[in-house]
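Chains, contacts and geometry: an overview
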Amino acid sequence: MTIGVAARLFDVRAVQNTPSTNYKLIDPQTPSSSYILLKVKMIMPPLGAQMPSTGPKLSPQEEQCLLDWVVAEATNCGEL
Ligand code: HEM
């Protein structure tokens, strides 16, 4: 069994969801639309504020790094 950060995010509903939304922190169906990515990429994410909520936003390189990690982990966790 995989443990660690990715396993705690994989297919997990975001706390911020409303009754009519179903965002997943790492979304196994559409990894590049995972909520963790929307929260850093979008100036106005669907719910709440852009992350990090204090300090500078992620650089394009950091965003790409996070995207690559999420996509890789989404694939790995799906093979559990
Ligand atoms: C790259 C760094 C960060 C990432 C990827 C990130 C990601 C997220 C995500 C995915 C959520 C929604 C959680 C859920 O609904 O289950 C969230 C909410 C939140 N985060 Fe962050 N976060 C980051 C940095 C920060 C920092 C530095 C702070 C404060 C110092 C912060 C404060 C909050 C707060 C207050 C919320 C709830 C309100 C809202 O979304 O507007 N986060 N964050």
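Residues numbered from 1 in each chain as written. Predicted model: local features only at pLDDT ≥ 70, side-chain atom pairs only at ≥ 80, totals over all residues.

1. A short note on unusual backbone geometry
- In the segment running from Met-51 into Pro-52, the intervening peptide bond is cis, with an omega of -10°.
- Here Pro-52 shows up in the loop between helix H2 (35-41) and helix H3 (60-78).
- Residues other than glycine seldom take positive phi values, yet Asp-11 does so here, at roughly 60°.
- You can see Asp-11 is positioned in the loop between helix H1 (5-9) and H2.
- Taking the number of C-beta atoms within 10 Å as the measure of exposure, Asp-11 has 14 and is therefore partly exposed. (Helix = DSSP H or I, 4+ residues; strand = E, 2+ residues; numbered from the N terminus. Buried ≥ 20, exposed ≤ 12 C-beta atoms within 10 Å, placed from the backbone.)

2. Considerations on the environment of Lys-24
- Mapped onto the fold, Lys-24 is located in the loop between H1 and H2.
- Overall, Lys-24 belongs to the buried group, with 21 C-beta atoms counted inside 10 Å.
- For the pair formed by Lys-24 and Ile-36, sequence separation is 12 residues and the distance between their alpha carbons is 8.1 Å.
- Those residues in contact with Lys-24 that lie beyond four places of it in its chain are Asp-11, Val-12, Arg-13, Ala-14, Ser-34 and Tyr-35. (Contact = placed C-beta atoms within 7 Å.)

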